[in-house]
Amino acid sequence: MAGMPTKPTSEARERLVNAFLESYAQKPWQKIGVREIVEAAGYARGTFYRHFSGVDDLLRQVEAENTCTSVCRHIIELANVIPLEHATDAMAAFYEDRADTVAVLAAGSNGNNYLDAQRPPMKAMFAALLNRGFVMTPLQLDVASEYIASAKVGMVRLWLAKRESMTLNQINKMSECFIESDLWNFVARQAPLHGGPQPRKVIDDKPFNYPWLG
């Protein structure tokens, strides 16, 4: 119909987001105005408001799109069949595929909140993976999954500081090789003596490893 505004395209939204991120890399989001964003993106204010209710809404949407909720839910759906290595590979790939955006969000004025938001979906994912490998009380599962998820968020922080020299997947592999595998081997052997988590499957006369990898 003549005179009707055209529907904003995904390209328009992407350009608005990119314009915002360029500004957010330099100053707090509270100091970024809609006018600044639309002028940098080459659109009118009306186009902005077809996508976002304000700059704070834009930030919330971008943070949500770059939080690992969806990939963690997918891994939980596959928790009974996916190898642990594939799960951590998928997590690493999620962040590495959007590294520049994640770096801006993590370094921004809301960066700590953004990184903290990564922990709950990770915790749920690791709880599902641990639950298939060990018989745990609810408290034990809560403690173990919280511990691992917090450590993984810490690895994301470390990777963001060192991503020019090391990938997140490499950091994950390092931790899995010389920390996590030995940790869970130790847990499996010591748990019967101290009332801790019990492995669901241990192969006699063979070194214990993650039972779901066997």
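Because the structure is a prediction, the values reported are computed rather than measured. (Residues numbered from 1 in each chain as written. Predicted model: local features only at pLDDT ≥ 70, side-chain atom pairs only at ≥ 80, totals over all residues. Heavy atoms only, no water.)

Asker: Hey, could you run me through the overall build of the chain in this one?
Answerer: Looking only at helices and strands, one finds 11 helices and two strands in the chain. Looking at the 214 residues of the chain, the share that counts as buried comes to 44%. Here the chain displays about 11,900 Å² of accessible surface, and carbon together with sulfur accounts for 54% of that area. (Helix = DSSP H or I, 4+ residues; strand = E, 2+ residues; numbered from the N terminus. Buried < 20%, exposed > 50% of the residue type's maximum accessible area, 1.4 Å probe, protein only. Areas by Shrake-Rupley, 256 points an atom, 1.4 Å probe, with all protein chains shown as cover.)

Asker: Explanation requested: the confidence of the model for the chain in the structure shown.
Answerer: For residues with low pLDDT, the predicted coordinates do not support detailed interpretation. Mean pLDDT over the chain works out to 83, with 78% of the residues at or above the 70 mark. Segment residues 1-8 is flagged for pLDDT under 50; beyond a separation of four residues in sequence, or across chains, it makes five contacts in the model. Note that pLDDT drops below 50 for residues 201-214; the model gives that stretch 25 contacts with residues more than four away or on any other chain. (pLDDT = per-residue confidence, 0-100. Contact = heavy atoms within 4.5 Å.)

Asker: Honestly, the packing of helix H9 (residues 119-133) against helix H10 (residues 138-162) in this entry has me stumped. Any pointers?
Answerer: The description of two packed helices rests on the angle between their axes and on the distance between the axes. Close contact between H9 and H10 brings their axes to 8 Å; oriented N to C, the two are set at 130 degrees. The angle between H9 and H10 falls in the class oblique. The two elements H9 and H10 cross, and the hand of that crossing is right-handed. Listed contacts from H10 to Arg119, Met122, Lys123, Phe126, Ala127, Leu130 and Asn131 of H9 are Leu141, Asp142, Ala144, Ser145, Glu146, Ile148, Ala149, Ser150, Lys152, Val153 and Val156. (Axes fitted to C-alpha atoms, helices over the stretch in contact; angles between N-to-C directions. Parallel < 35°, antiparallel > 145°, perpendicular 65-115°, else oblique. Left-handed = near helix turned anticlockwise from the far one by under 90°.)

Asker: Would you mind showing me how to read helix H2 (residues 34-41) here?
Answerer: Along an α-helix, residues three or four apart share an orientation, since each turn contains 3.6 residues. Considered for burial, the residues of H2 that qualify are Val34, Ile37, Val38 and Ala41. Projection of H2 onto a plane perpendicular to its axis shows the buried side chains occupying an angular sector of 90 degrees, all on one side. Structural note: H2 exposes Arg35, Glu39 and Ala40 on the side pointing more than 90 degrees away from its buried face. For H2, the elements touching its buried residues are helix H1 (10-24), helix H3 (45-51) and helix H4 (55-65). A positive backbone phi angle near 85 degrees is found at glycine 42, which sits one or two residues after H2. (Arc of directions from axis to C-beta.)

Asker: Please explain the pattern of salt bridges as it appears in this structure.
Answerer: Charged atoms that come close allow side chains of opposite charge to pair. Evaluation of the coordinates by the stated rule reveals nine salt bridges. Between glutamate 146 and arginine 119 there is a salt bridge; the shortest N-O distance is 3.2 Å. With glutamate 146 in helix H10 and arginine 119 in helix H9, this residue pair connects regions lying 27 residues apart in the sequence. Overall, the relative accessible area of 24% leaves glutamate 146 in the partly exposed class. Accessibility expressed as a relative area gives 28% for arginine 119, which makes it partly exposed. Note that glutamate 146 is salt-bridged to lysine 123, the shortest N-O span being 3.0 Å. Taken as a pair, glutamate 146 in helix H10 and lysine 123 in helix H9 lie far apart in primary sequence, 23 residues in all. (Salt bridge = Lys/Arg side-chain N within 4 Å of Asp/Glu carboxyl O.)

Asker: Just to check I follow, could you spell out the packing of aromatic side chains for this structure?
Answerer: Any aromatic ring pair is given by two values, namely how distant the centres are and how the planes are angled relative to each other. Under the criterion given, the structure shown has four aromatic pairs. Measuring from centroid to centroid gives 5.3 Å for phenylalanine 48 and phenylalanine 52, while their planes differ by 50 degrees, and the two rings are tilted. Neither phenylalanine 48 nor phenylalanine 52 differs from the other in exposure class; each is buried. Three or more aromatic residues joined by ring pairs make a cluster, and in this case those are Phe48, Tyr49 and Phe52. The ring of phenylalanine 94 is capped by arginine 98, whose NZ or CZ atom sits 3.9 Å from the centre of that ring. (Phe/Tyr/Trp six-rings, centres within 6.5 Å; stacked < 30°, edge-to-face > 60°. Lys NZ or Arg CZ within 6 Å of the ring centre and 35° of its normal.)

Asker: Before we go on, may I ask you to explain the environment of leucine 78 in this structure?
Answerer: The topology assignment puts leucine 78 in the loop between helix H5 (69-77) and helix H6 (84-96). For leucine 78, a relative accessible area of 32% puts it in the partly exposed group. Remark: the alpha-carbon pair of leucine 78 and alanine 128, spanning 50 residues in sequence, is separated by 9.4 Å.

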